Amino acid sequence: MEFDKNPFPAGDPDRHALWDMLVRRDIDAFLSQDWSMVENDVLADEFFGMHAHFLSDADSWRLQFPRLEIYRDEWLRQASETAATRFAEPLRTALFRITNLRDIDLDGDRAVLHKKFNGRIACADGSFDTLKWQTLYFCRRVSGQWRISSFIGYMPHPL
């Protein structure tokens, strides 16, 4: 399946693993509404998430997800809402088409990932679901596995 091909070669194992975690596994878990597929990708004891509310003014961004369970519940709510929507195109293919994770800054066991959503998905009723935002993920490698420690999400794209 060419549409879901990891852009990072196996010779770049860190970026390859990070892309798999935050694109492939995230999309598949979200579409399956299965948090257990991604729960081990997060450092639960230090996790937090900022919600930018699609605003470019950083003073408006809020610590909306101070604990993992709050984010997990919102993630599951969004997954359920998406599953209840009828789309006019294969949703998995569409999500890969509009997701871009090319910029990954690495330094030792830390990484910052720039994940962008930029596109429209056709709905069965003739409307479109427009996704146009970006997220910065902060990750750490722990015992050889990359894990998410925090993020700033729902920032406008472009910022």
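See the structure above.
Summarised in this report is the structure supplied together with it. (Residues numbered from 1 in each chain as written. Predicted model: local features only at pLDDT ≥ 70, side-chain atom pairs only at ≥ 80, totals over all residues. Heavy atoms only, no water.)

**Focus: the packing of helix H1 (residues 13-32) against helix H3 (residues 91-98)**
Put simply, the test is: Think of each axis as a best-fit line through the C-alpha atoms, taken over the contacting stretch in the case of a helix, with angles from 0 to 180 degrees between the N-to-C directions. Only DSSP runs of H or I reaching four residues or more are called helices, and only runs of E reaching two or more are called strands; each is numbered from the N terminus. Here the angle decides the label: under 35 degrees means roughly parallel, over 145 means roughly antiparallel, 65 to 115 means roughly perpendicular, and every other value means oblique. Crossing handedness is defined as follows: a turn of the near helix away from the far one that is anticlockwise and smaller than a right angle gives a left-handed crossing, while the clockwise case is right-handed. In what follows, a contact means two residues having at least one pair of non-hydrogen atoms within 4.5 Å. Charged means Asp, Glu, Lys or Arg here, nonpolar means Ala, Val, Leu, Ile, Met, Phe, Trp, Tyr, Cys or Pro, and polar covers whatever is left, Gly included.
The contact between H1 and H3 brings their axes to 10 Å, and the two run at 150 degrees. Between H1 and H3, the crossing angle belongs to the class labelled roughly antiparallel. Like other packed secondary-structure pairs, H1 and H3 cross with a definite hand, here right-handed. In contact with Trp19, Val23, Arg24, Ile27, Asp28 and Leu31 of H1, H3 contributes Leu91, Arg92, Leu95 and Phe96. In terms of residue class, the contact of H1 with H3 is built from 7 nonpolar, no polar and 3 charged.

**Examining the nonpolar core**
Inclusion rule: Here, nonpolar core refers to any group of buried Ala, Val, Leu, Ile, Met, Phe, Trp, Tyr and Cys residues whose side-chain atoms link them within 4.5 Å. Working definition: with a 1.4 Å probe on protein chains only, accessible area under 20% of the residue-type maximum means buried, over 50% means exposed, and in between means partly exposed.
In this structure, Leu113 and Cys139 are the most contacted members of the largest nonpolar core, which totals 39 residues. At the level of secondary structure, the elements contributing two or more residues to this core comprise H1, helix H2 (68-83), H3, strand S3 (99-107), strand S4 (110-122), strand S5 (128-142) and strand S6 (145-156). Non-local contacts of Leu113, meaning those with residues more than four positions away in its chain, are made with Leu18, Leu22, Leu101, Asp103, Ile104, Thr135, Leu136, Tyr137 and Cys139. Core analysis: the second largest hydrophobic core is formed by 5 residues, Ala52, Trp61, Leu136 and Ile152 among them.

**Remarks on the packing of aromatic side chains**
Two measures describe an aromatic ring pair: the distance that separates the ring centres and the angle between the ring planes. Going by this rule: Working definition: rings of Phe, Tyr and Trp (its six-membered ring) pair if their centres are within 6.5 Å, and the pair is stacked with planes under 30 degrees apart, edge-to-face with planes over 60 apart, and tilted otherwise. Our definition puts a charge over a ring when NZ of Lys or CZ of Arg is within 6 Å of the ring centre and also within 35 degrees of the ring normal.
Counting across every chain of the model gives 15 aromatic pairs. When the centroid spacing of 5.0 Å and the interplanar angle of 40 degrees are considered together, the rings of Phe117 and Trp133 count as tilted. With a gap of 16 residues between them, Phe117 in strand S4 and Trp133 in strand S5 connect regions that are remote in the sequence. Ring pairing ties together the aromatic residues Phe30, Trp35, Phe47, Phe65, Tyr71, Trp75, Tyr137 and Phe151, which thus form one cluster. Between the NZ or CZ atom of Arg120 and the centre of the ring of Phe128, over which it lies, the distance is 3.6 Å.

**Observations regarding the pattern of salt bridges**
How we decide: Salt bridges are defined by distance alone: a side-chain nitrogen of Lys or Arg within 4 Å of a carboxyl oxygen of Asp or Glu.
Inspection of every chain in the model, using the stated rule, returns 16 salt bridges. For the salt bridge of Asp103 with Lys116, the shortest nitrogen-to-oxygen distance reads 3.7 Å. Within this pair, whereas Asp103 is found in strand S3, its partner Lys116 is found in strand S4, the two being separated by 13 residues in sequence. On the accessibility criterion, Lys116 (17% relative accessible area) is buried. Taking the shortest distance from any N to any O, the salt bridge between Arg141 and Asp109 comes out at 2.7 Å. One end of the pair, Arg141, is in strand S5; the other, Asp109, is in the loop between S3 and S4, with 32 residues separating them in the sequence. Residues joined by salt bridges that share partners form a network here, namely Asp4, Asp20, Arg24, Asp28 and Arg92.

**Some thoughts on the layout of surface pockets**
Stated precisely, the cut-off is as follows: The definitions used throughout rest on a 1 Å grid laid over the protein atoms alone, on which a cavity is an enclosed set of points accommodating a 1.4 Å probe that cannot get out and a pocket is an open set flanked by protein within 12 Å on both sides along at least five of seven lines; lining residues are those having an atom within 4 Å of a point. Grid points are joined across faces, edges and corners, and a volume is the space filled by probe spheres set on the points.
Looking at the largest pocket, its volume works out to about 590 Å³. Taken together, 26 residues form the lining of the largest pocket, with Phe30, Gln78, Thr82, Leu131 and Trp133 sitting closest to its centre. Across the lining of the largest pocket, the residue classes tally to 14 nonpolar, 7 polar and 5 charged.

**Concerning empty space enclosed by the protein**
One way to see where empty space is left: roll a probe the size of a water molecule over the atoms. Tallying each qualifying case throughout the model produces 1 cavity of 30 Å³ or more. By volume, the largest cavity amounts to about 130 Å³. Taken together, 13 residues make up the lining of the largest cavity; nearest its centre are Leu22, Asp26, Val42, Tyr71 and Ile148. When residues in the lining of the largest cavity are grouped by element, the largest group, 3 residues, is from H1. Here the residues of the lining of the largest cavity sort into 11 nonpolar, no polar and 2 charged.

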